[in-house]
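Below, each chain spelled out in residue letters.
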Amino acid sequence: MGSTPSRTFGSVGVAMATPFAPDGSLDIESARKLADHLVGEGVDLIVLSGTTGESPTTHQPEKDELVTEVVAEVGDRAMVIAGAGSNDTAHGVRIAKGAAKCGAQGLLIVSPYYSRPSQEGIYQHITAIAASTELPVMVYDIPGRTGVRISDETFDRLAENPKIKAVKDAVGNLPNGIATSRRTGLEYYSGDDALNLPWLTIGGSGVVSVVGHIGGRRYRDMIDAVDAGDYAKAQQIDDEIHPLVNAIMGGGQGAVMAKEALAMTGVIPHATVRLPLVGASQNELDSLRRVLQVQGYLN
């Protein structure tokens, strides 16, 4: 690429896990420590209450407290944005307003899941939530979870909204994504760790990663290499981190495996998740531990 892409939301993002105590209650102290750790590893965007943050099972007061405390912890060292995802538009608006009041610097709005609305319904849903605050918006397109993809025509309409700046793409169709980005001017962030390097080399603005909980420093180095035009170095980093991507995202559930990895490496004290998620199987844990040891994250 001839120039560094625009980056409203930074470049190395992590969809941060929400730490819980063994009894399932919100562990704010660990959340603050985790956010601080991520920033120390080169992360400049923290996404709270996304899928990896177990947003379906965290409630409004918890979401607000999480934003307040993480913003206080990281200060101006990283941008903090909050998920305002729901299949109930009015609920999404309430989440967005709460996040803005508590200091979030942006919103992540996923297309409404389960209901599988029309494209007009998706457009109205996203724009209604975007209109509820003055914060910039990243739209999250992940049809594997929501059941419906956001169409090219809908993105063309969304791009006309000055608050909507970017897309977190987990569709897996790079040619279509980059064509939409170039046509609309929307910034594109990789939402699939296996595709981080391809997205970056075709003009993506950055990543919103799960594997970045452990590999944030490597993703920082990868993006710096791409920005410098050193694609050989970026490819080397991608090759090195590939086993970690497989260990966290290849078999088990991403939020579960990220927490297990954080607990194994001592970043958080517990890997507790809330139902319907459950802990990793012994085989998954054994495989993850082997990879972390080989990769140098465990002694």
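Refer to the structure above for everything that follows.
Residues numbered from 1 in each chain as written. Predicted model: local features only at pLDDT ≥ 70, side-chain atom pairs only at ≥ 80, totals over all residues. Heavy atoms only, no water.

J.: Summarise the packing of aromatic side chains; cite the residues concerned and give the values.
T.: In the structure shown here, the tally under the stated rule is 3 aromatic pairs. Between Phe9 and Tyr189, the aromatic rings sit 6.4 Å apart at their centres with planes inclined by 75°, giving edge-to-face as the arrangement. Here the residue Phe9 occupies a position in the segment before strand S1 (12–15), and Tyr189 occupies one in strand S7 (residues 187–190), the gap between them amounting to 180 residues. Taking the relative accessible area as the measure of exposure, Phe9 reaches 0% and is therefore buried. (Phe/Tyr/Trp six-rings, centres within 6.5 Å; stacked < 30°, edge-to-face > 60°. Helix = DSSP H or I, 4+ residues; strand = E, 2+ residues; numbered from the N terminus. Buried < 20%, exposed > 50% of the residue type's maximum accessible area, 1.4 Å probe, protein only.)

J.: How would you explain the sheet that holds S1 if you had to name every residue and give the values?
T.: The parallel closed barrel is built from 8 strands, whose spatial order is S1-S2-S3-S4-S5-S6-S7-S8. Taking the axes of each pair of neighbouring strands and ignoring which way they run, one obtains an average angle of 25° across the sheet. Relative to strand S8 (residues 206–209), S7 runs parallel, the two being bridged by 2 bridges. The partner of Ser190 across the bridge, within S8, is Val207. (Pairing = 2+ DSSP bridges. Axes fitted to C-alpha atoms, helices over the stretch in contact; angles between N-to-C directions.)

J.: Describe the pairing of strand S3 (residues 79–83), listing the residues and the values that go with them.
T.: Taking burial as the measure, the 5 residues of S3 include 5 buried ones, the bulk of the element. Looking at chain direction, strand S2 (residues 45–48) and S3 are connected through 4 bridges and run parallel. Paired with Ile46 across the bridge in S3 is Val80. Taken together, S2, helix H2 (residues 60–74) and S3 constitute a β-α-β crossover, and its handedness is right-handed. In this sheet, strand S4 (residues 106–110) lies alongside S3 in parallel orientation, the contact comprising 3 bridges. The residue bridging Ile81 from the neighbouring strand is Gly106, located in S4. As for the winding sense of the linkage, the β-α-β connection from S3 through helix H3 (residues 89–101) to S4 is right-handed. (Right-handed = clockwise from strand over helix to strand, strands pointing away.)

J.: Describe helix H1 (residues 28–40), listing the residues and the values that go with them.
T.: Helix length check: H1 (13 residues) gives 18 Å between terminal C-alpha atoms against 18 Å at 1.5 Å per residue, within 8%. Within the span of H1, buried status applies to Ile28, Ser30, Ala31, Leu34, Ala35, Leu38 and Val39. Looking at the buried side of H1, the elements it contacts are S1, S2, H2, helix H9 (212–227) and helix H11 (254–264). Where H1 ends, the next residue or the one after it, Gly42, has phi of about 100°, a positive value. (Expected span 1.5 Å × (residues − 1). Contact = heavy atoms within 4.5 Å.)

J.: Outline H9, supporting the account with residue identities and numerical values.
T.: Its 16 residues give H9 an end-to-end C-alpha distance of only 18 Å, which falls more than 12% under 22 Å, the value for a rise of 1.5 Å per residue. Its axis deflected by about 40° at Arg218, H9 carries its strongest bend there. The buried count for H9 comes to 12 of 16 residues, which makes it a mostly enclosed element. Burial in H9 covers these residues: Gly212, His213, Ile214, Gly215, Gly216, Arg218, Tyr219, Arg220, Met222, Ile223, Ala225 and Val226. The first or second residue beyond H9 is Gly229, which carries a positive phi of 80°. (Bend = angle between axes of the 7 residues up to and from the residue.)

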